[in-house]
Amino acid sequence: MYGRDPWGGPLEINATDSATDDDRSRNLQDLDRAALSRPLDETQQSWLLGPGEQKKKKKYVDLGCIIVSRKIFVWTVGTLLVSALLAGLITLIVKTVPRHHHRHSPPDNYTLALHKALMFFNAQRSGKLPKHNNVSWRGNSGLQDGKSDPSVLMKDLVGGYYDAGDAIKFNFPASFSMTLLSWSVIEYSAKYEAAGELNHVKEIIKWGTDYLLKTFNNTADTIDRIAAQVGIGDTSGGVSAPNDHYCWMRPEDIDYPRPVYECRSCSDLAAEMAAALASASIVFKDNKAYSQKLVHGARTLFKFARDQRGRYSAGGSDPALFYNSSSYWDEFVWGGAWLYYATGNSSYLQLATHPKLAKHAGAFWGGPDYGVLSWDNKLAGAQVLLSRLRLFLSPGYPYEEILSTFHNQTSIIMCSFLPVFTSFNRTKGGLIQLNHGRPQPLQYVVNAAFLAALYSDYLDTADTPGWYCGPNFYSTDVLREFAKTQIDYILGKNPRKMSYVVGFGNHYPKHVHHRGASIPKNKIKYNCKGGWKWRDTSKPNPNTLVGAMVAGPDKHDGFRDVRTNYNYTEPTLAGNAGLVAALVALSGDKATVIDKNTIFSAVPPMFPTPPPPPAPWKP
């Protein structure tokens with residue numbers, strides 16, 4: 001039979017071939033000896049399948065679609081295998097070696113100063129210190145506070161913070177300090193977290209609020225007194241017994257009694273304490289039990305403030321010598337605003353926006369200190385705080401009238417901070433004189449810097465590019481620049497090239513007015529007068545009070561680094577709280593702005609109430 005050969009020739013197929021496949025394979029082994037005697041070309045050799053020839057390596061590799069040199073094939077495959085092995089090894093190393101996931105640019109000066117400024121609060125702690133307090137020269141102190149005074153109701157007054165360079169615990173400035181810190185955490189928690197300080201600042205706040213809860217019956221709905229102060233400092237009439245200003249001793253060595261000052265009519269103090277607890281309840285809102293405890297305490301304190309009217313420092317009491325309160329109306333607005341944010345109860349907002357309350361607080365008239373936020377006057381802070389409500393929630397009637405007034409007044413305050421206006425003088429070095437040349441200026445400057453940076457962020461978040469000062473429009477960047485210039489001055493950009501924050505930079509005060517920092521921790525207990533030699537020595541402090549912002553220079557940019565002159569060298573809780581708030585507001589990337597919603601977490605959905613209909617027309 002013939003089949004067709006595709007190449008044109010006949011292809012014979014023997015249909016009668018009965019040889020099996022096994023026979024054929026055996027026949028292939030019987031090689032033609034005669035043929036092998038002749039030299040074969042390469043192609044012919046490739047036809048021979050003898051066992052001896054199979055051991056010889058082929059020079060080429062047939063990949064089906066292409067024939068390549070065996071050397072090239074082996075080299076290519078080997079290279080690929082080695083590359084894969086190296087890539088796997090590198091991947092394994094990268095995944096297993098510890099590393100920082102996010103590489104940031106070096107911290108800015110504000111972040112570096114923030115780390116130090118927070119350490120000041122660790123150095124000011126009273127009571128039994130936590131193990132991680134990180135201030136080697138401090139120890140447990142004030143463990144008998146409250147117990148040594150049999151006349152007081154609250155027996156356990158251990159804890160809290162010493163106010164300044166002495167060992168007195170003043171509730172009034174301490175409460176304001178905790179409120180400021182809480183406000184800064186609510187607005188800038190992302191910046192604190194980026195700096196690695198969020199847990200630290202929350203610990204600082206809780207140390208303060210835990211103590212404030214001890215100073216009154218925080219489980220009751222109604223109270224009749226508050227422990228306002230522990231320790232006394234009046235030395236004006238000569239000292240017959242040791243006290244916390246006459247004696248120069250380390251807090252750990254105090255062995256004299258520390259009287260407790262209770263007040264039964266102290267609206268300013270109670271309302272400020274209410275603001276501190278209410279603002280902190282928002283900071284700790286994830287800790288439901290503690291947050292509710294703070295809110296209940298704030299409600300109780302505010303009720304006491306409203307029911308028992310009076311100034312806590314009236315009648316020539318010891319607090320009047322150091323932290324005399326000028327009025328309690330500003331604390332009513334301030335405390336009412338914070339309680340509204342903490343509870344969502346509109347009765348607090350109605351109170352905080354009541355025209356008569358605002359009038360008594362001085363919202364409608366100027367004065368030399370108008371717009372200056374301090375431990376005594378919170379009106380400027382309350383106006384910024386309530387302007388926030390109008391910017392982001394716009395509650396409308398019946399709050400709009402007074403909220404718009406507060407918003408306008410806030411704009412005027414921000415205008416007064418700008419160099420083109422003459423509300424406040426400036427030193428030749430550029431420091432704004434918010435206290436008109438009086439001593440200890442920096443505590444007021446840092447508060448203004450915080451408000452300016454914060455309000456700038458409010459406007460940016462509300463997509464508002466700036467604000468008007470009279471006919472002129474100013475960008476929000478101008479406010480931020482004001483805040484930066486003031487904080488830069490404090491950090492060393494001043495005529496003396498001195499940082500007024502201890503431990504920041506290379507040139508800072510070495511003779512800080514502070515008992516603990518000035519006395520060495522040498523296991524020697526110096527008595528009341530024995531410590532005077534450390535007070536009066538011209539040698540630098542043996543202990544560095546890291547992060548303490550001193551009182552500051554005079555109106556001529558002058559500064560005397562002298563321990564006995566507290567008007568230059570004494571730091572305070574309230575001053576450092578304002579510094580921390582300003583630093584965190586300016587720190588980090590400007591793209592990280594305020595937390596718009598957390599402060600409103602307890603505020604119910606707001607639907608503006610329509611105004612009442614007009615009275616019927618009468619002819």
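Residues numbered from 1 in each chain as written. Predicted model: local features only at pLDDT ≥ 70, side-chain atom pairs only at ≥ 80, totals over all residues. Heavy atoms only, no water.

Looking at an unreviewed UniProt entry, one finds the chain named Endoglucanase, with Gossypium arboreum as its source organism. Under Catalytic activity (unreviewed entry), UniProt gives the following word-for-word description of the chain: "Endohydrolysis of (1->4)-beta-D-glucosidic linkages in cellulose, lichenin and cereal beta-D-glucans." Listed under Sequence similarities (unreviewed entry) in UniProt, the entry text for the chain is "Belongs to the glycosyl hydrolase 9 (cellulase E) family." (UniProt positions renumbered as here; feature names shortened; annotations may be inferred.)

1. What to know about the pattern of salt bridges
Opposite charge on two side chains makes pairing possible when the charged atoms of those side chains draw close. All chains considered together, the criterion is met by 20 salt bridges. For D145, the salt bridge is made with R258, and the minimal N-O distance between the two is 2.8 Å. On the criterion of sequence distance, the pair formed by D145 in the loop between helix 6 (109–123) and strand 5 (169–170) and R258 in the loop between strand 6 (226–230) and strand 7 (260–263) is long-range, its members being 113 residues apart. Each member of the pair, D145 together with R258, is buried. One salt bridge in this structure joins R264 and D224, with 3.8 Å as the shortest N-O distance. (Salt bridge = Lys/Arg side-chain N within 4 Å of Asp/Glu carboxyl O. Helix = DSSP H or I, 4+ residues; strand = E, 2+ residues; numbered from the N terminus. Buried < 20%, exposed > 50% of the residue type's maximum accessible area, 1.4 Å probe, protein only.)

2. Some thoughts on the sheet that holds strand 6
Taken in spatial order, the 3 strands make up an open sheet running 5-6-7, and their pairing is antiparallel. For this open sheet the edge positions go to strand 5 and strand 7, each flanked by a neighbour on one side alone. (Pairing = 2+ DSSP bridges.)

3. Some thoughts on a nonpolar patch on the surface
A cluster of nonpolar side chains, namely V82, L86, L89, I90, L92 and I93, defines an oily patch on the protein surface of about 570 Å² accessible area. Looking at the element boundaries, L89 is found in helix 5 (residues 70–96). (Patch = residues over 30% accessible without salt bridge, like charges linked within 9 Å, V, L, I, M, F, W, Y side chains within 5 Å. Areas by Shrake-Rupley, 256 points an atom, 1.4 Å probe, with all protein chains shown as cover.)

4. Overview of the pairing of strand 8 (residues 466–469)
The two faces of a sheet get side chains in turn, since along a regular strand they alternate between them. Here 4 bridges tie strand 8 to strand 9 (residues 472–475), and the two strands are oriented antiparallel to one another. Each bridged residue has a counterpart across the sheet, and for C469 the counterpart in strand 9 is N472. With antiparallel pairing between neighbouring strands as the criterion, strand 8 and strand 9 make up a hairpin whose turn holds 2 residues, including G470 at a positive phi of roughly 65°.

5. A few points about helix 9 (residues 267–283)
The end-to-end C-alpha distance of helix 9, which contains 17 residues, comes to 24 Å, matching closely the 24 Å that a straight helix rising 1.5 Å per residue would cover. Most of helix 9 sits out of view: 17 of its 17 residues are buried. (Expected span 1.5 Å × (residues − 1).)

6. A closer look at the environment of L180
Looking at the element boundaries, L180 is found in helix 7 (residues 171–194). If near-sequence neighbours (up to four positions away) are discounted, L180 is found in contact with L373, N447, F450, A577 and G578. (Contact = heavy atoms within 4.5 Å.)

7. With respect to the state of the cysteines
In the structure shown here, the tally under the stated rule is 3 disulfides. At a sulfur-sulfur separation of 2.0 Å, the disulfide partner of C247 is C528. Between C247 and C528 the sulfur-sulfur dihedral comes to about -90°; the bridge is accordingly left-handed. In this pair, C247 is assigned in the loop between strand 6 and strand 7 and C528 in the loop between helix 19 (515–518) and helix 20 (532–536), connecting sequence segments 281 residues apart. An identical accessibility class is assigned to C247 and C528; each is buried. For C415, the disulfide goes to C469, at an S-S distance of 1.9 Å. Here the disulfide of C415 and C469 is left-handed, its torsion about the S-S bond being about -100°. A residue pair is termed long-range when its members are at least 10 positions apart, and C415 in helix 16 (residues 400–416) and C469 in strand 8 qualify at 54 residues. With respect to class, C415 is no different from C469; both count as buried. Sequential numbering of the bridged cysteines in the chain gives the disulfide pattern 1-6, 2-3, 4-5. (Disulfide = S-S within 2.5 Å.)

8. Thoughts on unusual backbone geometry
Going from Y397 to P398, the amide bond is cis rather than trans, its omega being 5°. By the secondary structure assignment, P398 is in the loop between helix 15 (379–392) and helix 16. Even without being a glycine, Q440 presents a positive backbone phi close to 60°. Among the secondary structure elements, Q440 is positioned in the loop between helix 16 and helix 17 (442–461). For Q440, a relative accessible area of 24% puts it in the partly exposed group.

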